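Residues per chain, in single letters:
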Amino acid sequence: MKTTKPAQTVQPAQTVRQAAFDLLRAHDATVLFGNPGTTELPFLTGLPEDLRYVLGLNEASVTGIADGYAQATGRPAVVNLHTAAGLGNAIGALVNARGARSPLVALVGQQSRGLIGSAGALANTEPVTLPLGAVKHSEEPARADEVPAALSRALHIAAQPPAGPVVLSVPMDDWSRPADEEAARVSAGRTVHSRTVPEPAALDALARALTGARAPAMVVGPDAATDEGFEAAGRLAHLLGTPVWIDGWGARCGFPTGHPAFRGVLPMSPQGVAKTLSGHDLVLCAGAPVFRYLSEGPEDAASALPEMPRVLALTSDPAEAARAVAGDAYCGDVGLTLRELCRRVPGPVRALEAPARTPLPAPAPGARFTGQPEVIGTLAGLLPEETVLVHEAAREFPLLWSHLPHRLPGSYYFPGGYGLGFATAGAVGIQLATERPVVALVGDGALQYTVQALWTAAQHRLPVTFAVLDNGEYGVLKDQLSADGTARTPGMDIPSIDVCALARGYGVPARGADTAEELASALAWALENPGPHLVAIRVEEGARAA
């Protein structure tokens, strides 16, 4: 009897796309953000069900959303962008991500390999150089089978301290090509351990300097804004009995501002820093630059240095250590280093009392808001303690920090590159990553930069509250012009924008609030009901509001 061998099933080779999905799973990067175009379709079509796709309506908005998510989770997030023009639209948001040290990977589409050299339609002829300056690293693999390894590098580089965004450009025909399965498997299984601390002898010397100082002070910045760093910074301030200032315009808050040691925001001029720190013989900058200046003032930075005390800095960024204007620097993980210092400080060194804070002015019952201090004072009594504040209204920083205390880690975010548009978009990504209430405090002008993010919040029914300071002007710029004695400047007013109508058009319920009573009612409505809400806090035009 004639017999036949059973047919053998030939397993199809793993594609580059399948290998990339395995890598994303291995890195827990299963939430993808994007605004699709032609060059992204081969990657997205038939996306596996275990990978979640969050759509944004343009590249700037969706990159800001992904940035917020990456910062809030502390692990790499992937945003899928269109070829050259789409990447160009996202550059401003990538600048914010770079400044915030956000572990963001921009996976950028590219024309098929055969059409790149001839500059075919949709070809990005400068895929590596276009984003330089906004990212840590950019790359386009030379061959399709190198894509998984390149994606692995991108994820590791983005997360490695100091974290930051990475761009990976992938030609659209690469996704269907065979992968090097063994190389892809090895890439998916790799782990990079990069948290370090200075050597024990250096830590011992640093602890002796802190405990031996007559009047030490601390400046804490966003590098300390981890669960570990937040707790350790507060404990070290208690052990040393030292006052603490927050780094001005830091992307995150690394210190509990309800702590008795908290003294406010460090000024952003050489003269302001020198005046604030006068009387202290040693300053520890923990996760904060030395120093962050916005203006030179009447003298340059160097002329203020002789008046300053001895400065010591902890940073995860060797470049930040190298460019410090004064002092010695210790490179390593800021949270781990602060924890090690706490172990080396033998109990409370000196007592410290919390300063008295002057209450903010309250508007008369039923009176319209006439300035941001009234709004902040009202908000201070209304927001739950666990609120995450995503802030972009740049006026009245000292009032904001003094009267809206952050007692929990992960409670505050600000544009890392000082680019407007982060707060509206970033709040959406942050709310995707947390169950805590998220409030975005933005100006009516700043809202316009990424207003499309409201749609994403509505589609995913995210309970984020957008609190918009609505005064019909670029108020912070008018403040600066007034302080400088500058003559009238064009482009300072933005009248006739119906913020509530815009929100409703994107599917977000909205209310206006002219008084403290109306704001209390509107915030309760926003925080107690499911889904996103917008509250337009109307301030008289020309008053002090952002």
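1. Here's the deal with the packing of aromatic side chains
In step 1: Overall, the coordinates contain 6 aromatic pairs when judged by the stated rule.
In step 2: Where Phe-21 meets Phe-43, the ring centres are 5.4 Å apart and the plane angle is 55 degrees; that geometry is what we call tilted. Taken as a pair, Phe-21 in helix H1 (residues 16-26) and Phe-43 in helix H2 (residues 41-44) lie far apart in primary sequence, 22 residues in all. Considered together, Phe-21 and Phe-43 belong to a single accessibility category, that of buried residues.
In step 3: Taking 4.7 Å as the distance between ring centres and 45 degrees as the angle between the ring planes, the aromatic pair formed by Phe-43 and Trp-175 counts as tilted. Remark: Trp-175 occurs in the loop between strand S6 (166-171) and helix H7 (181-188) and Phe-43 occurs in helix H2; sequence separation between them is 132 residues.
In step 4: Under the relative-accessibility criterion, Trp-175 is labelled buried at 4%.

2. Digging into the sheet that holds strand S12 (residues 328-331)
In step 1: Strands sit in the order S9-S8-S7-S10-S11-S12 across an open sheet of 6 strands; the sheet is parallel. Each edge of the open sheet carries a strand with a single partner, namely strand S9 (262-265) and S12. The average angle at which neighbouring strand axes cross in this sheet is 20 degrees, direction not considered.
In step 2: Of the strand pairs in this sheet, strand S7 (residues 216-220) and strand S10 (residues 282-286) are connected by 5 bridges, and their pairing is parallel. When the sheet's bridge partners are listed, Met-218 is paired in S10 with Leu-284.

3. Concerning helix H6 (residues 147-159)
In step 1: The end-to-end C-alpha separation of H6 is 19 Å, in line with the 18 Å expected for 13 residues at 1.5 Å each.
In step 2: The complete set of buried residues in H6 reads Val-147, Pro-148, Ala-150, Leu-151, Ser-152, Ala-154, Leu-155, His-156 and Ala-158.
In step 3: Turning to H6, the residues buried within the fold contact H1, strand S3 (77-81), strand S4 (104-110), strand S5 (137-139), S6 and H7.

4. Structural notes on the packing of helix H3 (residues 59-73) against helix H16 (residues 422-433)
In step 1: Running from N to C, H3 and H16 cross one another at 45 degrees; their axes reach a closest spacing of 6 Å. Taken together, the axis directions place H3 and H16 in an arrangement best described as oblique. The two elements H3 and H16 meet at a crossing, and its hand is right-handed. Contacts from Ser-61, Gly-64, Ile-65, Asp-67, Gly-68, Tyr-69, Gln-71, Ala-72 and Thr-73 in H3 reach Phe-422, Ala-425, Gly-426, Val-428, Gly-429, Ile-430, Leu-432 and Ala-433 in H16.
In step 2: Each residue belonging to the contact of H3 with H16 can be placed in one class, and the counts come to 9 nonpolar, 7 polar and 1 charged.

5. With respect to the nonpolar core
In step 1: Ranked by size, the top nonpolar core spans 62 residues in total, and within it Leu-236, Phe-255 and Leu-338 carry the most contacts.
In step 2: Examining the composition of this core, we find that 7 residues originate from one element, helix H9 (residues 227-240), more than from any other.
In step 3: Among all residues touching Phe-255, those that are not within four sequence positions of it are Val-220, Phe-230, Ala-233, Gly-234, Ala-237, Val-244, Ile-246, Ala-261, Phe-262 and His-406.
In step 4: Membership of the second largest hydrophobic core comes to 51 residues, among which are Val-62, Tyr-69, Ala-458 and Ala-536.

6. Considerations on the pairing of strand S14 (residues 388-391)
In step 1: Side chains Val-388 and Val-390 project from S14 onto one buried face, and the interleaved Leu-389 and His-391 project onto a second face that is buried too.
In step 2: As paired elements, S14 and strand S16 (residues 438-443) share 4 bridges and run parallel to each other. Within S16, the position partnered with Val-390 by the bridge is Ala-440.
In step 3: Where S14 lies against strand S15 (residues 412-413), 2 bridges are found, and the strand directions are parallel. Bridging across to S15, Leu-389 finds its partner in Tyr-412.

Cut-offs applied
- Per chain, the residues get numbers from 1 upward, laid out in the order the sequence is written.
- Predicted model: local features are reported for residues with pLDDT of at least 70 only, side-chain atom pairs are reported and counted for 80 or more only, and whole-chain, interface and lining totals are derived from all residues.
- To obtain the side-chain values, all non-hydrogen atoms of the structure were used and water was disregarded.
- Think of it this way: a Phe, Tyr or Trp ring, Trp meaning its six-membered ring, pairs with another when their centres are within 6.5 Å, and the plane angle makes it stacked under 30 degrees, edge-to-face over 60, tilted otherwise.
- Secondary structure elements are taken from DSSP: a helix is a run of H or I of four residues or more, a strand is a run of E of two residues or more, and numbering for both begins at the N terminus.
- Per-residue accessibility, obtained with a 1.4 Å probe over protein chains only, is compared with the maximum for each type, and a residue is labelled buried under 20%, exposed over 50%, and partly exposed between these values.
- Two strands make a pair as long as DSSP finds a minimum of two bridges between them.
- An axis is simply a line fitted to the C-alpha atoms; with a helix, the fit covers only the stretch in contact. Between two such axes, the angle follows the N-to-C directions and lies from 0 to 180 degrees.
- By this rule the span expected of a helix is its residue count minus one, scaled by 1.5 Å.
- Contacts between residues were defined by any pair of non-hydrogen atoms, one from each residue, lying within 4.5 Å.
- To sort the angles, those under 35 degrees are grouped as roughly parallel, those over 145 as roughly antiparallel, those from 65 to 115 as roughly perpendicular, and the leftovers as oblique.
- Two helices crossing with the near one rotated counterclockwise from the far one by less than a right angle form a left-handed crossing, whereas a clockwise rotation gives a right-handed crossing.
- Each residue gets one of three labels, nonpolar for Ala, Val, Leu, Ile, Met, Phe, Trp, Tyr, Cys and Pro, charged for Asp, Glu, Lys and Arg, and polar for the others, Gly among them.
- We define a nonpolar core as any set of buried Ala, Val, Leu, Ile, Met, Phe, Trp, Tyr and Cys residues linked to one another through side-chain atoms lying within 4.5 Å.

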